[in-house]
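So the chains spell out like this:
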Amino acid sequence: MPKDGWEFWRLARVDDGSLEWLAGTRPNARATIDQHKVWTLIPNRSIFVANWIVTEDHHRDSGFRWTHENIDIDDARKVALAVPEIGVDELQRISKPESELTLDQVDRYSAEKVLGKRVADALSDRRFEARE
């Protein structure tokens with residue numbers, strides 16, 4: 001059963017199979033736009049951000065940039081710790097939509113709310129270790 005209505009996706013690059021994103025969708029959300037959106041984990045900020053680029057890719061019929069593998073919450077918690085860090089430029093790019101979403105629709109959820117405190121703490125530890 002998805003945690004609080006979340007469905008999780010492991011997104012790997014089509015060209016080389018490398019992990020790029022942990023994504024979440026909310027298929028049973030109240031608002032139609034929230035049923036359509038895809039949020040991606042920004043591990044160095046411990047947040048999931050509505051990502052217009054991934055949302056667009058998720059709903060394509062062909063020509064995908066990523067493979068979208070549906071995973072359960074336990075796998076999502078493991079994948080979260082392996083997601084590569086996102087640079088400031090990439091975060092700005094996904095936060096300023098060119099299509100799919102409006103700026104008002106680019107919302108965020110804490111990693112703790114979506115994946116639990118243990119994963120949020122591990123992401124925080126990872127961030128701390130990277131600074132040392």
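The following paragraphs examine the structure supplied in this document. Every value quoted in this text rests on a predicted model; they were computed, and no experiment measured them.

### Structural notes on the pairing of strand E2 (residues 19-25)
Thought 1: Among the 7 residues in E2, 7 count as buried, and that is most of the element.
Thought 2: Where strand E1 (residues 7-13) and E2 come together, 6 bridges link them in antiparallel fashion. By the bridge assignment, Trp9 is partnered in E2 with Ala23.
Thought 3: Linkage of E1 to E2, two consecutive antiparallel strands, is achieved through a turn of 5 residues, within which Gly17 is found at a positive phi near 75 degrees.
Thought 4: Strand direction decides the pairing type here: E2 and strand E3 (residues 39-42), joined by 2 bridges, are antiparallel. Paired with Ala23 across the two strands is Thr40, which belongs to E3.

### Considering the pairing of E1
Thought 1: The pairing of E1 with strand E5 (residues 66-71) spans 6 bridges and is classified as antiparallel. Counted as the bridge partner of Phe8 is Ile71 from E5.

Rules and cut-offs
Residues numbered from 1 in each chain as written. Predicted model: local features only at pLDDT ≥ 70, side-chain atom pairs only at ≥ 80, totals over all residues. Heavy atoms only, no water. Buried < 20%, exposed > 50% of the residue type's maximum accessible area, 1.4 Å probe, protein only. Helix = DSSP H or I, 4+ residues; strand = E, 2+ residues; numbered from the N terminus. Pairing = 2+ DSSP bridges.

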